[in-house]
Amino acid sequence: MTDPNTPDPNASNVPPPPPAPPAQPAPSYGASPSYGAPAPQKTNVLAIVSLVSAFFISLVAIITGHIALSQIKKTGEQGRGLAIAGLIIGYVGLVVGLIIAIVWFAIIGAAISSGSYTYTN
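Computed from a prediction, not measured in an experiment: that's the story for all the values here.

Looking at the environment of A68
Positionally, A68 belongs in helix α2 (residues 58-75). The exposure class of A68 is buried, given its relative accessible area of 0%. The spacing of A68 and I48 is 20 residues in sequence and 8.9 Å in space, taken between C-alpha atoms. Excluding residues that lie within four positions of it along the chain, A68 makes contacts with N44, L46, A47 and A83.

What follows is the structure, given as structure tokens:
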């Protein structure tokens, strides 16, 4: 017979595992769970406006792009790339527009000074 006060050499000294945590109820439809990926960050609206308006009105794209970059730096919102793209396209559009205007006025001025343009009352 074995003495109950002597340890059994076949028994391990490992304590039993802790009990499992209670099961949490499934979240209802549309509710955000408390686990998983963090909520997506908001994209700056002026950055989007800058990129969209760059294809139509370059000056608006430049102004809103600079304001968007300032806001993004302060708030940490998304959209820095959109604002930079709007600025680049806006500045390129402005330069191209100025070159076209200068060439246009040069052509009109040359036509008037050469006499090929006649003004009638």
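Anyway, onward from the coordinates.
So, the packing of helix α1 (residues 45-53) against α2
Viewed as axis vectors pointing N to C, α1 and α2 meet at an angle of 155°, and their least axial separation amounts to 8 Å. As far as their axial angle goes, α2 and α1 are roughly antiparallel. Considering the relative orientation of α1 and α2, their crossing is left-handed. Only S58, V60, A61, T64, G65, I67, A68, Q71 and I72 of α2 make contact with α1, whose side of the interface consists of L46, A47, V49, S50 and S53. Per-class residue counts for the contact of α1 with α2 are eight nonpolar, six polar and no charged.

Considering the UniProt feature "transmembrane region" (unreviewed entry) in the chain
Taking the numbering used here, the UniProt-annotated feature "transmembrane region" (unreviewed entry) corresponds to residues 45-69 and 81-112. Helix makes up 84% of residues 45-69 and strand makes up 0%, while its end C-alpha atoms are separated by 11 Å. In residues 81-112, helix accounts for 100% and strand for 0%; the two terminal C-alpha atoms are 46 Å from one another.

So, α1
Within the span of α1, buried status applies to A47, S50 and S53. Buried positions in α1, seen along its axis, are confined to an arc of 140° and lie on one side of it. In the core, the buried residues of α1 are packed alongside α2 and α3 (80-114). With a side-chain oxygen lying 2.9 Å from the backbone nitrogen of L46, the N-terminal cap of α1 falls on N44.

Some thoughts on a nonpolar patch on the surface
Taken together, V45, I48, V49, V52, F55, F56, I57, L59, V60, I63 and I67 make up a surface patch of nonpolar side chains, about 1000 Å² in accessible area. Those elements giving two or more residues to the nonpolar patch turn out to be α1 and α2. Turning to its location among the elements, I63 is positioned in helix α2. For I63, a relative accessible area of 47% corresponds to the partly exposed category.

Rules of the game
- Residue positions within a chain follow its written sequence, with the count starting from 1.
- Since the coordinates come from a predicted model, pLDDT governs what is reported: local features require at least 70, and pairs of side-chain atoms require 80 or more to be given and counted, while whole-chain, interface and lining totals use all residues.
- Water and hydrogen atoms were dropped before computing side-chain values, which therefore reflect all heavy atoms in the structure.
- Only DSSP runs of H or I reaching four residues or more are called helices, and only runs of E reaching two or more are called strands; each is numbered from the N terminus.
- Residue burial is assigned from relative accessible area. The probe radius is 1.4 Å, only protein chains are included, and a residue is buried under 20% of its type maximum, exposed over 50%, and partly exposed in between.
- Whether two residues touch is decided by their heavy atoms; if any such pair falls within 4.5 Å, the residues are in contact.
- A fitted line through C-alpha atoms serves as each axis, taken over the contacting stretch for helices, and the angle formed by two N-to-C directions is quoted from 0 to 180°.
- Angular relationships are summarised with four words: roughly parallel below 35 degrees, roughly antiparallel beyond 145, roughly perpendicular across 65 to 115, and oblique for the angles in between.
- We call a crossing left-handed when the near helix sits turned anticlockwise from the far one by less than a right angle, and right-handed when that turn is clockwise.
- We call Asp, Glu, Lys and Arg charged. Ala, Val, Leu, Ile, Met, Phe, Trp, Tyr, Cys and Pro are nonpolar, and the rest, Gly among them, are polar.
- UniProt positions are given in the numbering used here, feature names are shortened, and annotations may be inferred rather than shown by experiment.
- It is the directions from the helix axis to the C-beta atoms that the arc portrays.
- As used in this structure description, the phrase polar contact means that two N or O atoms lie within 3.5 Å; if the pair is within protein, one of them must be able to donate a hydrogen and the other to accept it, and residues adjacent in sequence are counted only when both atoms belong to side chains.
- Here, patches come from residues exposed beyond 30% relative accessible area and free of salt bridges, joined within 9 Å for like charges and within 5 Å for nonpolar side chains (Val, Leu, Ile, Met, Phe, Trp, Tyr).
- Here the Shrake-Rupley method, with its probe set to 1.4 Å, supplies the accessible areas, and only the displayed protein chains count as covering residues.
- The term salt bridge refers to a pairing of a side-chain nitrogen on Lys or Arg with a carboxyl oxygen on Asp or Glu at a separation within 4 Å.

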